[in-house]
Every structure is written in C-alpha cells, then in structure tokens.
Amino acid sequence: KQEVTQIPAALSVPEGENLVLNCSFTDSAIYNLQWFRQDPGKGLTSLLLIQSSQREQTSGRLNASLDKSSGRSTLYIAASQPGDSATYLCAVLPVNDYKLSFGAGTTVTVRA
Amino acid sequence: DAGVIQSPRHEVTEMGQEVTLRCKPISGHDYLFWYRQTMMRGLELLIYFNNNVPIDDSGMPEDRFSAKMPNASFSTLKIQPSEPRDSAVYFCASSQGPPGETQYFGPGTRLLVL
C-alpha cells in the first residue's frame, strides 16, 4: 500500500523567504505526482503535475522536482508572499491503481 | 465554466438520518470522484465514475454509503443511516481524462452528524 508522507506538518516563514516542502512515498511505481493547494474551508487546487518520466515542472514562482527512484518530491516556492499561506498536499498515482494517495499536507504561514 | 459545484456546503444532522450530498461536475469531464477528508485519515477516495458508470467503489466505507450518477451533469452521495463518525468534509472532483489527469475539486460539503 502506497504511503505518502509530508514533512514538516507546519511551516512559518517571513515574507520573501523561499519555501521548501517535502513529500516522500514508499512505492516508486507511480504514474505521476501532483501538488495541490488547499485554503481553509475550500477545495483543492492543482498546482503542478509531474509525470513519472519527468524530473521537474515549473509554473511561475513554483517549481516541483521528482526523484522517483528515491521516492521523493520537493515543491519550491520562491519569494514567498502572505497569499501563499495555505495547506499544500502532494498526491501520487500508483501505476497499478487509479486512486490518488494523498499526504497529510504541510500548512504554510507566510508572515508579513 | 463555474467549476465543480457541490451542495449543500454545510450539513448538520442527527444520527440515524439520511444525508444526501450533491455534485455537478465540470461540463465535458468524463470522470467524477468522491473523496472524504478527516483529520485522522486525511483525504480518501470513496468512489469514482467514468461516463456515469461506477468504476471503483472499494473506498466506500460501509453499505450505509451509496453513490449514483444518473447523468453526466449530476451525482449524489448518500449516507443512510448517518453516524457521528461520518462527520467529515466530502469533496467531489472531476477530470477530463483518466485519473492521472488533473482533477478539479469542488468546495466540499462539511458534514456534522450529532
């Protein structure tokens, strides 16, 4: 069974600092990995999707890397802003399953 | 497009009552997913549909839970009878392609069973 872990569970940084969020998974046989953002009381917004054959994806200030062999992904957010405060979840899609396995998330607070 | 629409946004009910959650996926999306989010278990997939047909319901916790998709623009998740441990946020999501494609989530229904 795929286990997805996100460390740390919470993170507080001053505005302008770069954010580094970690995600690890136990089974490297994945189809893809996605990073989501969840605001309080809201649904999930997909930020980046990395196919298993890719090493990274970039969108604006966001960059996600994937090391499938070591079971790790990292989400970098450059020059953080208070509007980046949210919970960030990673999810992996195993090769032999159609169910996304989610991590518990990292709750980020960016202080103005 | 308005995105995935869910109703109600909040539901408070008493144990033993029937609860029906509703979802309207994004037009043109062939896949619809129902998830449950709790502090203890995080996000779990309950069931998903492809072209209105249930494909995998192995995540449905008990027979008290049932889901239907009578047409491409509407799905329901029903809990009968409800129990306090069913209290959670229930999300509906849809995607245009297979489950590996980006899923678009609705705002969720926050359910409290007293």
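See above for the structure.
These numbers were taken from a predicted model, which means no experiment stands behind them. Within any chain, residue numbers begin from 1 and follow the written order of that chain's sequence. Both sets of labels track the order of writing: A upward for chains, 1 upward for ligands. Only residues with pLDDT of at least 70 are given local features in this predicted model, and only at 80 or more are side-chain atom pairs given and counted; all residues enter the totals for whole chains, interfaces and linings. The side-chain quantities take in all heavy atoms of the structure and omit both hydrogens and water.

**Student:** Could you give an account of the overall build of chain B, with specific residues and numbers?
**Tutor:** Along its length, chain B carries zero helices and eleven strands. We count a stretch as a helix when DSSP gives it H or I for four or more residues in a row; a strand needs E for two or more, and each element gets its number in order from the N terminus. In sequence order, chain B lays out its α and β elements as β-β-β-β-β-β-β-β-β-β-β. Taking 114 residues into account, the globule formula puts the C-alpha radius of gyration at 13 Å, and chain B, at 13 Å, falls close to it. By principal-axis analysis of the C-alpha atoms, chain B measures approximately 35 × 30 × 25 Å. In chain B, which comprises 114 residues, the proportion classed as buried is 49%. Think of it this way: Lys and Arg go in the positive column, Asp and Glu in the negative one, and His and the chain ends go nowhere. The atoms used to mark charge sites are NZ of Lys, CZ of Arg, CG of Asp and CD of Glu. The positive charge centre, built from 10 side chains, and the negative charge centre, built from 13, are 4 Å apart in chain B. Throughout, radius of gyration means the C-alpha value; the globule benchmark is 2.2 Å times the number of residues raised to the power 0.38. Remark: exposure states derive from per-residue accessible area (1.4 Å probe, protein chains only) relative to the maximum for the residue type, with buried under 20%, exposed over 50%, and partly exposed in between.

**Student:** Could you give an account of the sheet that holds strand 7 (residues 65-71) of chain B, naming the residues involved and the relevant values?
**Tutor:** Residues and elements named next belong to chain B. Spatially, four strands are ordered 1-3-8-7 in an open sheet, and the strand pairing comes out antiparallel. This sheet does not close on itself; its edge strands, each paired only once, are strand 1 (5-7) and strand 7. The sheet shows a mean angle of 15° between the axes of neighbouring strands, taken without regard to direction. What makes two strands pair is DSSP finding at least two bridges between them. Note on geometry: axes are lines fitted to C-alpha atoms, helical ones only across the stretch in contact, with angles between N-to-C directions running from 0 to 180 degrees.

**Student:** Which residues make up the environment of Leu49(A), and what values go with them?
**Tutor:** Within the element layout of this structure, Leu49(A) appears in strand 5 (residues 44-51). Using a relative accessible area of 17% as the deciding quantity, one classes Leu49(A) as buried. A sequence separation of 21 residues divides Leu49(A) from Ser28(A), and the C-alpha atoms of the two residues are 16 Å apart. The contact definition used throughout considers only heavy atoms, calling two residues in contact when any of these lie within 4.5 Å. Look past the residues within four positions of Leu49(A) in its chain and what remains in contact with it is Asn32(A), Leu33(A), Gln34(A), Gln54(A), Gln57(A), Gly100(B), Glu101(B) and Thr102(B).

**Student:** Explain the state of the cysteines to me, using residue names and the numbers behind them.
**Tutor:** All names here are of chain A. The criterion for a disulfide is a pair of cysteine sulfur atoms lying within 2.5 Å. In this structure the tally under the stated criterion is two disulfides over all chains. A sulfur-sulfur distance of 1.9 Å marks the disulfide that ties Cys23 to Cys90. Across the S-S bond of Cys23 and Cys90 the torsion is about 70°, and the bridge reads as right-handed. One end of the pair, Cys23, is in strand 3 (residues 19-25); the other, Cys90, is in strand 9 (residues 86-94), with 67 residues separating them in the sequence.

**Student:** Give a description of the nonpolar core that names residues and reports values.
**Tutor:** In this description, a nonpolar core means a group of buried Ala, Val, Leu, Ile, Met, Phe, Trp, Tyr and Cys residues linked to one another through side-chain atoms lying within 4.5 Å. In this structure, Phe25(A), Leu33(A), Trp35(A), Leu75(A) and Tyr88(A) are the most contacted members of the largest nonpolar core, which totals 22 residues. When contributions to this core are tallied by element, the ones reaching two or more residues are strand 3, strand 4 (30-38), strand 5, strand 7 (62-67), strand 8 (72-77), strand 9 and strand 11 (106-111) of chain A.

**Student:** Break down the interface of chain B and chain A for me, citing the residues and quoting the values.
**Tutor:** On the side of chain A, 17 residues touch chain B, which itself brings 19 residues to the contact. A combined buried area of about 1,400 Å² lies between chain B and chain A, and 57% of that area is made up of carbon and sulfur atoms. Counted as salt bridges are all cases of a side-chain nitrogen of Lys or Arg within 4 Å of a carboxyl oxygen of Asp or Glu. Applying the counting criterion to the chain B and chain A interface returns one salt bridge. A salt bridge links Lys99(A) to Asp56(B), with the shortest nitrogen-to-oxygen separation between them at 4.0 Å. Elements that contribute at least two residues to the side of chain B that touches chain A include exactly strand 4 (31-38) and strand 5 (42-50) of chain B. If you tally residues by element for the side of chain B that touches chain A, the top one is strand 5 of chain B, at three residues. Residues are grouped as follows: Ala, Val, Leu, Ile, Met, Phe, Trp, Tyr, Cys and Pro are nonpolar; Asp, Glu, Lys and Arg are charged; every other residue, Gly included, is polar. Class assignment for the residues of the side of chain B that touches chain A results in eight nonpolar, seven polar and four charged. Joining two parts hides part of their accessible area as seen by a 1.4 Å probe, and the buried area is that hidden amount summed over both.

**Student:** Any details on the pattern of salt bridges? Residues and values, ideally.
**Tutor:** The tally for this structure, following the rule as stated, stands at twelve salt bridges over all chains. Its salt-bridge partner being Glu3(A), residue Lys1(A) comes within 3.8 Å of it at the nearest N-O pair. The exposure class of Lys1(A) is exposed, given its relative accessible area of 87%. Among the residues examined, Glu3(A) registers a relative accessible area of 42% and is labelled partly exposed. Because the salt bridges share partners, they merge into one network encompassing Glu62(B), Arg64(B), Glu83(B), Arg85(B) and Asp86(B).

**Student:** Explain the sheet that holds strand 6 (residues 56-59) of chain A to me, using residue names and the numbers behind them.
**Tutor:** All names here are of chain A. Reading across the sheet, the five strands line up as 1-3-8-7-6 and stay open at both edges, with antiparallel pairing between neighbours. Bordering the open sheet on either side are strand 1 (4-7) and strand 6, each of which pairs with just one other strand. Geometrically, the sheet is characterised by an average inter-axis angle of 15° between neighbouring strands, direction not taken into account. Taken together, the four bridges between strand 1 and strand 3 define a ladder with antiparallel strand orientation. Among the inter-strand pairings, Thr5 is bridged to a residue of strand 3, identified as Ser24.

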